[in-house]
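# Structural features, examined
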Amino acid sequence: LVESDEIGTVGVGEATIPQIHNLLIGLGIDQAEFLEKTNASFKLGIEFDGWLRRGESYIHSFGKVGRGVGLIPFRQLWLRGRALGVAGDFGDYSFNVAAARHDRFAITNEANASIPDLAYAFHLDAILFAAMLREYAEARGVRRVEGRIVGTRRDSQSGDLAALVLEGEREVGGNLFIDCTGFRSLLLGQELGESYLDWTHYLPCDTALAVPSMPGRRFRPYTQSIARLAGWQWRIPLQHRTGNGHVFCSAMMSEDEACAILLANLEGEALADPRPIRFKAGHRERFWSRNCIGLGLAAGFMEPLESTSIHLVQSGVARLLELLPGDPGNLGAARDTFNRLSEIEWERIRDFLILHYVANARDGEPFWDRCRTMELPETLAEKLALFRRSGQFVREADELFLDDSWGQVMIGQGVMPQGWSPLADNVSGEDLGPFLASLAKAYRAKANMLPNHKEFVSRFSGVAA
């Protein structure tokens, strides 16, 4: 590992998705220790406030929504129940949403329970998490070299990277290099010249202002995403502070105006001055070029709307481990497969983020009007057409977000299907109302039995939250 303490990190990737459990389990990291060392809290989903219209909100939660009957998916039953006037809000049928609305949380492990366990991720201090992983790695034999990279040496015959040149005329040689140099992309972008695929047309926000603040009155077990005039604001509750940021389109709002909006909407006193982060949505044309793999910001960037940044690093590492070649001189097949799968993953996540912007009803607001009328990628246009017809969704190519995620965001953003699957007609109208009512009641009752989120974190980690 070559890095320099002189170079700062972005350090605002504070929200995760449930796949982070795979990392903790794979590394054998205890959850309680993880919470204590990273000042973490639990996350049941993301609340989107004002994304459809001002004053309206919904929660994109983790885990299952409702319960199907036989071969009939729950969303199809809900759509028919809605047409009959016997269905409540779609979020009423999610255990995660019921718990989130009342700031309740617990790690539930009830085998064969009629209501699934809570599905959860974490809010964490990214700087502390990086330090924890560095300590973990060094304890297991990873050799860390302190120093600033000033150049590279290439193999004269193959053109591959042969060594990193550090200040002080030092060299670190290798067969395979992983570029984690952030937006600079020193190896993949600058040295190997991998061009950048620009997605600004689809995701026009290009600047974020980040600032920590004192904790607010509520210790929510979910992330907040609050729509603003030319973008959105995040709130992420940690044990010791709240992470805040304002993501916006600089062509439609000045940095001073964005800063004023952010500071006026903190729930606690600011602990620093807002720090600007400028970015361009998109990714390098190839994620793996020659004998170099780009991970994280060195590979590309998508705004943190659905907390995918840390996951994309994690999935890139997992893909590399799966394809890791035994012969470093024969990378072709592994490289091509890695690039193809990475491109699919990034494009499907891109489409999911675009959905939040394009499906809005904030008429008369220039930024939101532009988003609503943008030209869509064919892959997203197809998903929207299928869902609008009868609430159906087909997952392709192991894309990250599953049926329940697309369904919650589609409905939350006002994409309401015109009909439903004929399978749902097999449940009588007389039975459908009581079935839906009993589900919602059961979720509320089980959520009310959970402890307060703050109390659980304090008890579980052994640290007063």
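Note that this is a predicted model, so its numbers are computed, not measured.

Moving on: the overall build of the protein. The number of helices and strands found in the protein is 14 helices and 20 strands. Principal axes of the C-alpha set define a box for the protein whose edges measure 80 × 50 × 50 Å. Sorting the 465 residues of the protein into buried and exposed places 51% on the buried side. In the protein, the share of contacts with a sequence separation of at least 24, taken over all contacts with a separation of at least 6, comes to 74%. In the form shown here, the protein has an accessible surface area of approximately 20,800 Å², with 50% of it arising from carbon and sulfur atoms. For the protein, the distance from the average site of its 49 positive side-chain charges to the average site of its 60 negative ones is 3 Å.

In this model, helix H13 (residues 429-448) (20 residues) spans 29 Å end to end at C-alpha, consistent with the 28 Å of a helix rising 1.5 Å per residue. Among all positions of H13, only Leu432, Gly433, Phe435, Leu436, Leu439, Ala440, Tyr443, Lys446 and Ala447 are buried. Elements in contact with the buried residues of H13: helix H3 (74-84) and helix H4 (95-101).

Here we come to the layout of surface pockets. Here the second largest pocket is characterised by a volume of approximately 410 Å³. In terms of lining residues, the second largest pocket is bounded by 20 residues, among which Ser57, Tyr58, Ile59, Asp89 and Gly412 are the most central. Those elements that provide at least two residues to the lining of the second largest pocket are strand E4 (57-61), H3, H4 and helix H12 (403-412). Taken together, the residues that form the lining of the second largest pocket break down as nine nonpolar, five polar and six charged.

Right, let's talk about the nonpolar core for a bit. Formed by 118 residues in total, the largest nonpolar core has its most connected members in Phe34, Tyr93, Leu355 and Tyr357. Sort the elements by how many residues they give to this core and helix H9 (residues 332-358) lands first, with ten residues. Counting ten residues, the second-largest nonpolar core is a separate cluster that includes Leu161, Leu164, Val172 and Cys292.

Turning to the packing of aromatic side chains, a few remarks are in order. Tallied over the entire structure, the rule returns 30 aromatic pairs. Centroid distance Phe42 to Phe105: 4.2 Å. Interplanar angle 15 degrees. Geometry classified as stacked. Linking Phe42 in strand E2 (residues 41-43) with Phe105 in the loop between H4 and strand E5 (121-123), this pair joins segments that are 63 residues apart in sequence. The pair formed by Phe42 and Phe105 is uniform in burial state, with each residue classed as buried. Consider the rings of Trp51 and Trp232, whose centres lie 6.5 Å apart with planes at 50 degrees: the pair is tilted. Here Trp232 lies in strand E14 (residues 231-237) and Trp51 lies in the loop between strand E3 (45-49) and E4, a separation of 181 residues in the sequence. Look at Trp51 and you get buried, because its relative accessible area is 0%. With relative accessibility at 2%, the residue Trp232 sits in the buried group. When the ring centre of Tyr136 is taken as origin, the NZ or CZ atom of Arg140, which lies over that ring, is 3.6 Å away. Across the ring face of Phe338, the terminal group of Arg319 is positioned such that the distance to the ring centre comes to 5.8 Å.

Rules used throughout
Residues numbered from 1 in each chain as written. Predicted model: local features only at pLDDT ≥ 70, side-chain atom pairs only at ≥ 80, totals over all residues. Heavy atoms only, no water. Helix = DSSP H or I, 4+ residues; strand = E, 2+ residues; numbered from the N terminus. Buried < 20%, exposed > 50% of the residue type's maximum accessible area, 1.4 Å probe, protein only. Contact = heavy atoms within 4.5 Å. Areas by Shrake-Rupley, 256 points an atom, 1.4 Å probe, with all protein chains shown as cover. Lys, Arg positive; Asp, Glu negative; His and termini not counted. Charge placed at Lys NZ, Arg CZ, Asp CG, Glu CD. Expected span 1.5 Å × (residues − 1). 1 Å grid on protein atoms, 1.4 Å probe; cavity = no way out; pocket = protein on both sides within 12 Å on 5 of 7 lines; lining within 4 Å. Points joined across faces, edges and corners; volume = space filled by probe spheres on them. Nonpolar A, V, L, I, M, F, W, Y, C, P; charged D, E, K, R; others polar. Core = buried A, V, L, I, M, F, W, Y, C linked by side-chain atoms within 4.5 Å. Phe/Tyr/Trp six-rings, centres within 6.5 Å; stacked < 30°, edge-to-face > 60°. Lys NZ or Arg CZ within 6 Å of the ring centre and 35° of its normal.

Purely geometric stuff here, so don't read any function into it on its own.
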